[in-house]
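# Structural description and commentary
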Amino acid sequence: MGLGLVESGKMPKSLIKLLNISRSYSLWVYQWGLACCAIEMGAAFGAPRYDVMRLGVIPLPASPRQADLVVISGTVTDKMAPVIRRLWEQMPDPKYVISMGSCANCGGPYWDSYSVTKGVDQIIPVDIYVPGCPPRPEALLEGIVILQDRIKNEDPAKRWVGEPIVVQ
Amino acid sequence: MTSVTDRQKLQYIAAQAADARVNVELETEGMTLNLGPQHPATHGTLRIIAQLDGEQVVHAEPVAGYMHRGYEKLTEVRTYPQITTLVNRIDWLGSFANEVPFILAAEQLMEVEAPERAMWIRTILFELSRISNLILFLGDMGVQLGAVTPVFFAFRDREFVLDQIEAATGGRFHPNFDRIGGLKDDLPKGWLESTKGSMDKVREFCDQIEDLLLGSEIFQARTRGIGIVPADVAMQYGLSGANARASGIDWDIRRDNCIGLAYPELDWKVWKHTDGDSFARFWVRIQEVREAAKMVDQLCDGLPAGPVMAKVPRIIKVPAGEAYVATENPLGEMGYYIVSEGELTPFRVKIRSASFSNMSITPWLLRGVYVPDIITILGSLYFILGDIDR
């Protein structure tokens, strides 16, 4: 981006603001649907009642290589974990992760299961946690709005890192 | 110099030679195609490794287990009321239907019977979860064929059914409403009328899907005669539910072996189709949604009065014994085999889920089909990964 101008921190403030606004309203979401939450994610992204596209989010990239944001929705099992890590590594920077539902957050109702990974944050860094089992589609939209706010106030020189936020 | 006719003659010979060469040289190569583990056609995470010869599948092997959560082990350390919360999430589209056979099996062991009103409300919610499950299938089948519009209709009209489930139980997805001996609560005021209103929307949706998909020439070309399961093969692989009925097997647990639900008192029909192809499976399910809407209307009209909870002890200890109860879930036969030793938790629970058997036919069914038809066949078999892997 800009031959290292963004990373060096020498870009004018107003240009950075413009860049951030345009980034926040053209988020390409890769849908990583795993379990029950995948259907609620489908409702948030596909149902006319919720309709995520009015927020400037495009939920249909062909591959993770075109995506800015990945929504991990559902139970992450130990068998699935390496695949998730691999696809996250294929996404171009800056990339964001929303962990949707109790299972992806911490294991959820399978907290004592032998085959479930207790939280996707053990594998990849998470930006937004959306709690619920499963969360309502509105909760996922709230998470996306919070993420957009965060992108708008970002300083690209700091390499897009920050503390994770939990949707209340 | 050659004349025009000569040139035509030469061209004709050249074309013939080219055709002949193609016929000789058109060799196919083997290739391994990996589908999944993340693929929209599988409603979750099924992986299929297909050995191809040209564009035809020689051998397809499903790899399950990406969604294995260890249900049968977890049930051994949960009390009976806690297990209801857990089994909700096996088939996540028809959650309430998963609770019912487990509760019925536990009731059989405890020798408790739910009051009649609870039985009827259970049946209503059972059918509502069937509708919410199958509506998504009807829309999703379009997506497998490249038609994106039907799934938007499906999500739109599914919300009306989910609203009703939420109003009665408090949960859009996982109601956790069934208790041993009855239900958690009675229905809210005005619920029956609004449910009947939403059934009208469901019937409208079925008509719309029939217009959009069923009559479409492309849809028929892609589904008719593709993925045919003969009745005897379906029996051998243990197919159940709409998949078996689409192969001409006249078998429905709701009619033939109904335990603890109000189906014998209703006027309804078991639909079947003799073709056994992808089209038949779609057709049977669209009729099932209509039947379910009809049943909900009848149930709302004839709902008996009375309590919704029988007398059960505060701390539930199930006496020692074994019980197996199966019901006709949206995906097929789902049963729980409970072994109890008189403790707070069951000794062992074996879950017979429909999708596992329905999926196990894929190596047989996918042999010899073309690559684009893999998706159609998988979509029309309609399994849910939580139901396969548990």
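In case you missed it, the structure is sitting above this.
Below you will find a few notes about this structure. A quick note: this is a predicted structure, and the numbers were derived from the prediction, not measured.

### What to know about the sheet that holds strand β3 (residues 56–63) of chain B
Sheet strands pair by backbone hydrogen bonding; their relative direction is either parallel or antiparallel. Residues and elements named next belong to chain B. One open sheet holds the three strands; their spatial order is β1-β2-β3, and the pairing between them is antiparallel. Two strands bound the open sheet, and with one partner strand each, they are β1 (30–35) and β3. On average, each strand axis in the sheet is inclined to that of its neighbour by 20°, with strand direction left out of account. Direction of pairing for β1 relative to strand β2 (residues 47–53): antiparallel, over a ladder of six bridges.

### Some words on the side chain of Glu72(B)
Residue and element names in this part refer to chain B. Looking at the secondary structure, you find Glu72 in helix α2 (residues 71–74). Classification of Glu72 by relative accessible area gives buried; the value is 18%. At 3.2 Å, the side chain of Glu72 forms a polar contact with the backbone nitrogen of Ile351. If we ignore the near neighbours within four places in the chain, the residues touching Glu72 are Arg348, Val349, Lys350, Ile351 and Arg390.

### So, the environment of His68(B)
Among the secondary structure elements, His68(B) is positioned in the loop between β3 and α2. Sequence separation of His68(B) and Asp389(B) is 321 residues, and the distance between their C-alpha atoms is 4.7 Å. If we ignore the near neighbours within four places in the chain, the residues touching His68(B) are Thr77(A), Tyr114(A), Ser115(A), Asp389(B) and Arg390(B). At 3.1 Å, the side chain of His68(B) forms a polar contact with the backbone oxygen of Asp389(B).

### Focus on the packing of aromatic side chains
All names here are of chain B. Here the structure, examined in full by the defined rule, presents 11 aromatic pairs over all chains. Between Tyr80 and Phe102, the ring centres sit 6.1 Å apart and the planes meet at 25°, which makes this aromatic pair stacked. Taken as a pair, Tyr80 in helix α3 (residues 80–87) and Phe102 in helix α4 (residues 95–110) lie far apart in primary sequence, 22 residues in all. The residues Tyr80 and Phe102 share a single accessibility class, namely buried. Here Phe219 and Phe279 contribute two aromatic rings whose centre-to-centre distance is 6.2 Å and whose plane-to-plane angle is 55°, an arrangement assigned as tilted. With a gap of 60 residues between them, Phe219 in helix α8 (residues 217–223) and Phe279 in helix α12 (residues 278–301) connect regions that are remote in the sequence. The buried category is assigned to Phe279, whose relative accessible area is 4%. Among the aromatic residues, those joined into a cluster by ring pairs are Phe137, Phe219, Phe279, Phe282 and Tyr382. When the ring centre of Phe279 is taken as origin, the NZ or CZ atom of Arg224, which lies over that ring, is 4.0 Å away. It is Arg254 that lies over the ring of Tyr263; its NZ or CZ is 5.9 Å from the centre.

Reading guide: rules and limits
- Residues numbered from 1 in each chain as written.
- Chains lettered and ligands numbered in written order.
- Predicted model: local features only at pLDDT ≥ 70, side-chain atom pairs only at ≥ 80, totals over all residues.
- Heavy atoms only, no water.
- Pairing = 2+ DSSP bridges.
- Helix = DSSP H or I, 4+ residues; strand = E, 2+ residues; numbered from the N terminus.
- Axes fitted to C-alpha atoms, helices over the stretch in contact; angles between N-to-C directions.
- Buried < 20%, exposed > 50% of the residue type's maximum accessible area, 1.4 Å probe, protein only.
- Polar contact = N/O pair within 3.5 Å; in protein donor to acceptor, adjacent residues only side chain to side chain.
- Contact = heavy atoms within 4.5 Å.
- Phe/Tyr/Trp six-rings, centres within 6.5 Å; stacked < 30°, edge-to-face > 60°.
- Lys NZ or Arg CZ within 6 Å of the ring centre and 35° of its normal.

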